[in-house]
Amino acid sequence: MNERYAMDPAAPADWKELKLLLDQFGLQTGRFLARYPQDWPAQMVDALGGTSDLERQRVREMLQRRKGVLMPSPAPFEMGTAWAGNAAVALDRHRAFAGVVGARSNGFGWPSAEDVLYDEAKALPVGQGDHLPMKASAYAVCFAPLMVVSAEVTLVDPYFTLRDRNRQRCRWRWPVMQALLRTAEASRTCEKLRLVFERTQIDATAGSDAQLEADLGRACDEAQVSKVTIEFDVLDDVGHGRYLLSIHGGLQFDRGFEERNNEKNHVHWLTRPELEPLWRRFLPSTNLSAPVRR
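None of the values given here were measured: they were computed from a predicted structure. (Residues numbered from 1 in each chain as written. Predicted model: local features only at pLDDT ≥ 70, side-chain atom pairs only at ≥ 80, totals over all residues. Heavy atoms only, no water.)

Student: Which parts of the structure should I look at to understand unusual backbone geometry?
Tutor: Glycine aside, residues mostly have negative phi angles, and peptide bonds mostly take the trans form. The residue after Tyr 36, namely Pro 37, is reached through a cis peptide bond having omega 5°. Relative to the elements of secondary structure, Pro 37 occurs in the loop between strand S2 (31-35) and helix H2 (40-48). For Asn 262, which is not a glycine, the phi torsion comes out positive at approximately 60°. If you trace the backbone, Asn 262 turns up in the loop between strand S10 (249-253) and strand S11 (264-269). (Helix = DSSP H or I, 4+ residues; strand = E, 2+ residues; numbered from the N terminus.)

What follows is the structure, given as structure tokens:
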């Protein structure tokens, strides 16, 4: 889940094959392409758009529409070295990618675009969901792709609180709140974190909206966030699902947003049919006629 792959700009044969490859990645698949190197989109335009200005524009627009499939690369890139040589070092030395889509006859044994698209034995592994350790650090890895592509992210959890029923700081949820804030800050895209709570839980723990607001302020101070704002809504009925949502996609956390030692949480990326009723309920401004940006 949330694996990052590298793709040689020479891998797709034409813009049609590039489209099919991009369909393999994005928020609803749980697989992402690394921006490797940083100017990877420009390199792809050069590789596929050499025949005409029209082709260059077609590839450029396609990559712009699908920019949500691209995530920052965890590995360095030496501009004086060929792409395949860089990727080989990134795999061997940095363990940077889950896999590479290489050019045809690449010499490294990497699957080509043709292999990935048309050979079932070489298809990319499913990445939509997993059973994750119930740790804030593991959750942060899940949060990151959604926050990289979203200016606003909404957490929905009827059981989430920052205090326990003794009115003390909740030791198994406070670290998750910190992870949310720090991951949003690190994304450089997410500007607002919105939290949807349920009234009975907040009254039984924080005791008042004023106390909840004060606790959230402390959480921001401790996380040292300066670019992310935080808002909350307290509703009478939130339902039973626990989600992290934006207008571009969303995750479901089966056991909510809390830490538990030696336990697992089933987490998966939501498909559009799963997202639409959640958007209507919790993100009423979402344009449902627009496609999910992937």
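Having seen the model, we can carry on.
Student: What should I look at first to understand the confidence of the model for the chain in this one?
Tutor: Any region with low pLDDT has predicted coordinates that should not be read closely. Summarising the model, the chain shows a mean pLDDT of 93, and 97% of its residues fall at 70 or more. In this model, residues 288-294 is a region of pLDDT below 50 whose contacts with residues beyond four sequence positions or in other chains number 26 contacts. (pLDDT = per-residue confidence, 0-100. Contact = heavy atoms within 4.5 Å.)

Student: Help me understand the sheet that holds strand S1 (residues 3-7) in this model?
Tutor: Within a sheet, each strand pairs with its neighbour through backbone hydrogen bonds, oriented either parallel or antiparallel. If you trace the 4 strands from one edge of the open sheet to the other, you get S3-S2-S1-S4, paired in parallel fashion. In this open sheet, the two edge strands, each paired with only one partner strand, are strand S3 (70-72) and strand S4 (99-101). Averaged over all adjacent pairs, the angle separating strand axes in this sheet is 45°, with direction ignored. The pairing of S2 with S3 spans 3 bridges and is classified as parallel. Counted as the bridge partner of Arg 35 is Pro 72 from S3. Its contacts with the sheet put H2 on S1, S2 and S3, and the angle it makes with S2 is roughly 90°. (Pairing = 2+ DSSP bridges. Axes fitted to C-alpha atoms, helices over the stretch in contact; angles between N-to-C directions.)

Student: Can you walk me through the pattern of salt bridges in this structure?
Tutor: Pairing between side chains becomes possible if they bear opposite charge and their charged atoms approach one another. Across all of its chains, the model carries 21 salt bridges by this definition. The salt bridge involving Glu 258 is made with Arg 173; its shortest N-O contact spans 2.9 Å. You can see Glu 258 sitting in the loop between S10 and S11 and its partner Arg 173 sitting in the loop between strand S6 (152-156) and helix H7 (174-187), a full 85 residues away along the chain. Arg 173 shares its class with Glu 258; the two are buried. Among the salt bridges present, the one from Glu 258 reaches Arg 260, with a minimum N-O distance of 2.8 Å. According to the relative accessible area criterion, Glu 258 is buried, its value standing at 11%. Look at Arg 260 and you get partly exposed, because its relative accessible area is 31%. (Salt bridge = Lys/Arg side-chain N within 4 Å of Asp/Glu carboxyl O. Buried < 20%, exposed > 50% of the residue type's maximum accessible area, 1.4 Å probe, protein only.)

Student: Help me understand the nonpolar core, please; the structure alone is not making it clear to me.
Tutor: Considering soluble globular proteins, one finds that nonpolar side chains tend to be buried as a cluster. Ranked by size, the top nonpolar core spans 45 residues in total, and within it Phe 143 and Met 177 carry the most contacts. At the level of secondary structure, the elements contributing two or more residues to this core comprise helix H6 (136-149), S6, H7, strand S7 (192-198), helix H9 (209-223), S10 and S11. The element that contributes the greatest number of residues to this core is H6, accounting for 8 residues. Not counting chain neighbours up to four residues away, the residues in contact with Met 177 comprise Phe 160, Leu 162, Leu 193, Leu 195, Leu 216, Ala 219 and Ile 230. By size, the runner-up hydrophobic cluster in this structure holds 34 residues, among which are Tyr 5, Ala 6, Leu 21 and Val 69. (Core = buried A, V, L, I, M, F, W, Y, C linked by side-chain atoms within 4.5 Å.)

Student: Could you clarify how one ought to interpret H2 in this entry?
Tutor: For an α-helix the count is 3.6 residues per turn, leaving residues at separations of three or four pointing the same way. Buried within H2 are the following residues: Trp 40, Pro 41, Met 44, Val 45 and Leu 48. Projection of H2 onto a plane perpendicular to its axis shows the buried side chains occupying an angular sector of 145°, all on one side. Along its buried surface, H2 packs onto S1, helix H1 (15-22), S2, helix H3 (53-65), S3 and helix H4 (83-94). (Arc of directions from axis to C-beta.)

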